[in-house]
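Fold and geometry: a report
One letter stands for each residue in the lines below.
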Amino acid sequence: MQAFFDTYVLPRNREWHDHVVKRDEAAPFMRELQSKARAQGLWNLGLPELAPGEPGTRLSNLEYAGCCEILGRLAWAPEAFNCQAPDVPNMITLQNCANPDQKKRWLAPLLEAQTRSCFAMTEPDVASSDATNIATTIDKQGGNYVINGRKWFSTGAAHPRCTQIMLMGVTGAVKDKATDRTRRHSIVMVPMDAPGVRLAREVRWMGCRDHVAPIGEIEFTDVRVPLENRLGEEGDGFKIAQVRLGPARVHHCMRQIGLAGLMIELMVARAAERKAFGRAIIEYDTLQRWIAESRVELEQAKLITLKCAWLLDRQGHHGAWREVSLVKVAVPNMLQRVADRTIQVFGAMGGTDDAPIHYALSYARLMRIGDGPDEVHLRQIFRMEAPPIWKIDYSPYITYPMSG
Ligand SMILES: Cc1cc2nc3c(=O)[nH]c(=O)nc-3n(C[C@H](O)[C@H](O)[C@H](O)COP(=O)(O)OP(=O)(O)OC[C@H]3O[C@@H](n4cnc5c(N)ncnc54)[C@H](O)[C@@H]3O)c2cc1C
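One structure accompanies this document, and this report is about it. (Residues numbered from 1 in each chain as written. Predicted model: local features only at pLDDT ≥ 70, side-chain atom pairs only at ≥ 80, totals over all residues.)

Okay, the site of the ligand next. As a matter of local geometry, the ligand sits amid 22 residues, with Met121, Ala127, Ser129, Thr155 and Glu375 nearest to it. Of all the secondary-structure elements, those providing two or more residues to the shell around the ligand are strand S1 (116-120), strand S3 (144-155) and helix H12 (374-383). Classifying every residue of the shell around the ligand by side-chain character gives 12 nonpolar, seven polar and three charged. Here the shell around the ligand spans two domains, since at least three of its residues come from each of domain 2 (116-231) and domain 3 (239-383). (Near = placed C-beta within 6 Å. Helix = DSSP H or I, 4+ residues; strand = E, 2+ residues; numbered from the N terminus. Nonpolar A, V, L, I, M, F, W, Y, C, P; charged D, E, K, R; others polar. Domains from an automatic or database assignment.)

In structure tokens, the structure reads:
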């Protein structure tokens, strides 16, 4: 991966920017690059359950972490290997929750990079960090579901090649509030061109466009899909979303580790090249401290990310529940601090489109909200904090009498 990245991907970065960012057109070399990567076995690397006969190379989560660290250095690099979000977590969901017919229809084209997908859960009208609030209706009518609602922040929905929406909503049969709040939702697959689906607008985040998977706001008005488009059973929506969210969160962290490493390199290079008040900027204590602190924080974050990937390999999502939340909080906060220092070291240039630093900052900021805000994960982590078996009064660690 490193050799391929250095030889074929990184040298095209300026060309990619010229086409995609400046001219708003697809990178003309992407198909050729994908074929080359695929021929070298660098294809669909983020799918530890890749079945025999499916295209790509099956890697463990831990092995994939190393690849993601390399890919994370460039926003667009994952696409060359069909490793981009949100398609990879959507593929994982389909691998785990789709029946053979559904796999043929929805998964196969994604594995081949013939199409793109999005995951539509968040809604503008409800606090979506509490997914039990999700209110889009999926009503059963004869052999169809009829969908009504509005989604936003559906990453990838505004991509011109996005043809499939993995949508979460409330299923008619269990819409009454008395039902367990986590059993009211289901997930259905919706073709992007189904009558009643309207891409209302492309959403920008912190003033930036996501060029790899442009974010969409989508309206659903009396959209009909056959019952066969439902993944799993009615009421399985939460269970299925968890299958998707675990890997989605960890993959983002793996890429952010690579991006943070790049930030440190940029800081070192820039500070060594510029002089202010008679000295190279890198000679100032403050700079050295920022760089060293960034390295300390990055290495810590990297280790818990690798531990999380290792646990996912051994015990699946349920065994890595706590670690997924730990990395989900630790890594974006680390990247935010490191990117912030990098902007400072670069001076004015740090915030321009010429450098990838504001991308790193907005990616970190996004990941402190997307896939569950920090606060929600911190609450989970707190709840898993088991109290010790002793009370303070009788603790063997307390050596003065507290009472009596
Ligand atoms: C760039 C980007 C891409 C995204 N991509 C997707 C996507 O592809 N698909 C998708 O469905 N969604 C996507 N999201 C949406 C994201 O998952 C939601 O924004 C997130 O779940 C929070 O929901 P909300 O925006 O409705 O915030 P709200 O639920 O309104 O929460 C707002 C704030 O309330 C506070 N809060 C919430 N719960 C608690 C708590 N328990 N304790 C303390 N404070 C709390 C937090 O500070 C939180 O940030 C994306 C978001 C961004 C920014």
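Continuing now.
Turning our eyes to something else, we now look at the nonpolar core. Grouped together as the largest cluster of nonpolar side chains are 103 residues, with contacts concentrated most on Ala120, Leu167, Met263, Leu335, Ala339 and Ala360. In terms of residue count, helix H8 (residues 237-273) provides more of this core than any other element does, 16 residues in total. Ignoring sequence-local partners within four residues, the contact set of leucine 335 consists of Gln256, Leu259, Ala260, Ala360, Tyr363 and Ala364. (Core = buried A, V, L, I, M, F, W, Y, C linked by C-beta atoms within 7 Å. Buried ≥ 20, exposed ≤ 12 C-beta atoms within 10 Å, placed from the backbone. Contact = placed C-beta atoms within 7 Å.)

The end-to-end C-alpha distance of helix H10 (residues 321-346) is 38 Å, a good match for the 38 Å that 26 residues give at a rise of 1.5 Å each. The buried fraction of H10 amounts to 19 of the 26 residues, a majority that puts the element mostly inside the structure. In the stretch just after H10, glycine 347 is the one whose phi turns positive, near 65°. (Expected span 1.5 Å × (residues − 1).)

Bringing the environment of isoleucine 70 into the picture now. Here isoleucine 70 shows up in helix H4 (residues 61-71). Taking the C-alpha atoms as reference points, isoleucine 70 and arginine 105, separated by 35 residues in sequence, lie 32 Å from one another. For isoleucine 70, the contacting residues outside a window of four places in its chain are Met1, Gln2, Phe5 and Gly258.

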